[in-house]
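An overview of the molecular structure
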Amino acid sequence: PYNNIYKGNYTMQIIGSHVGELDIDIDTQYEDAISYTIDKRIDNSILININVKKSIDDLDIVLKNNGDEPVVFQNILVERY
């Protein structure tokens with residue numbers, strides 16, 4: 001299911017065991033509508049800044065485990081600031 005994502009800046013924090021090994025891709029069908037940077041990556045936490053340049057109605061966040069250990073998610077937080 002998709003929700004409307006409004007123009008603005010967001011932070012996303014992924015918390016859990018071995019999340020530092022994740023490959024991350026954030027995308028939308030709208031060209032040049034978003035950009036993101038991974039600001040902090042450690043074994044149990046990743047902090048991502050997302051800039052939404054225009055309001056969109058789809059946002060795909062793909063997390064892929066490329067490590068040897070299983071990933072256990074404790075929380076995924078997305079906040080607009």
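What this report covers is the structure whose coordinates are included nearby.

As a further point, take a negative patch on the surface. A cluster of acidic residues, Glu21, Asp43, Asp68 and Glu69, forms a negative patch on the protein surface. Tracing the backbone shows aspartate 43 in the loop between strand 3 (34-42) and strand 4 (45-52). A residue is classified by how much of its surface remains accessible, and aspartate 43, at 43% relative accessible area, is partly exposed.

It is worth spelling out a nonpolar patch on the surface at this point. Together, Phe73, Ile76 and Val78 make up an exposed nonpolar region whose accessible area comes to about 270 Å². Tracing the chain through its elements places isoleucine 76 in strand 6 (residues 72-80). Judged by its relative accessible area of 41%, isoleucine 76 is partly exposed.

Further remarks concern the sheet that holds strand 1 (residues 8-17). Strand pairs in the sheet, formed through backbone hydrogen bonds, run parallel or antiparallel to each other. Spatially, 3-4-1-6 is the arrangement adopted by the 4 strands of the open sheet, whose pairing is antiparallel. Each end of this open sheet is capped by a strand with a single partner; those strands are strand 3 and strand 6. Neighbour-to-neighbour, the strand axes of the sheet open up by a mean angle of 15°, direction not taken into account. As paired strands, strand 1 and strand 4 are joined by 8 bridges and run antiparallel to one another. Paired with asparagine 9 across the two strands is asparagine 51, which belongs to strand 4.

Once that is clear, we can look at the pairing of strand 2 (residues 22-27). Alternating residues of strand 2 divide into Leu22, Ile24 and Ile26, all buried, and Asp23, Asp25 and Asp27, none buried. Of the pairings in the sheet, the one linking strand 2 to strand 5 (residues 60-65) comprises 6 bridges and is antiparallel in character. The partner of isoleucine 26 across the bridge, within strand 5, is isoleucine 61.

Secondary-structure assignment places isoleucine 56 in the loop between strand 4 and strand 5. C-alpha of isoleucine 56 to C-alpha of isoleucine 5: the two residues are 51 residues apart in sequence and 5.3 Å apart in space. Each residue touching isoleucine 56, except ones within four places of it in the same chain, is listed here: Asn3, Asn4, Ile5, Thr28, Tyr30, Ala33 and Ile34.

What follows is about the nonpolar core. Counting 17 residues, the largest nonpolar core has Ile14, Ile26 and Ile48 as the members making the most contacts within it. Contributions of two or more residues to this core are made by strand 1, strand 2 and strand 4. The element best represented in this core is strand 4, accounting for 4 residues. Excluding residues that lie within four positions of it along the chain, isoleucine 14 makes contacts with Val19, Leu22, Ile24, Asn44, Ser45, Ile46, Ile48, Leu63, Phe73, Asn75 and Ile76.

Thresholds, definitions, all that
- Residues numbered from 1 in each chain as written.
- Predicted model: local features only at pLDDT ≥ 70, side-chain atom pairs only at ≥ 80, totals over all residues.
- Heavy atoms only, no water.
- Patch = residues over 30% accessible without salt bridge, like charges linked within 9 Å, V, L, I, M, F, W, Y side chains within 5 Å.
- Areas by Shrake-Rupley, 256 points an atom, 1.4 Å probe, with all protein chains shown as cover.
- Salt bridge = Lys/Arg side-chain N within 4 Å of Asp/Glu carboxyl O.
- Lys, Arg positive; Asp, Glu negative; His and termini not counted.
- Charge placed at Lys NZ, Arg CZ, Asp CG, Glu CD.
- Helix = DSSP H or I, 4+ residues; strand = E, 2+ residues; numbered from the N terminus.
- Buried < 20%, exposed > 50% of the residue type's maximum accessible area, 1.4 Å probe, protein only.
- Pairing = 2+ DSSP bridges.
- Axes fitted to C-alpha atoms, helices over the stretch in contact; angles between N-to-C directions.
- Contact = heavy atoms within 4.5 Å.
- Core = buried A, V, L, I, M, F, W, Y, C linked by side-chain atoms within 4.5 Å.

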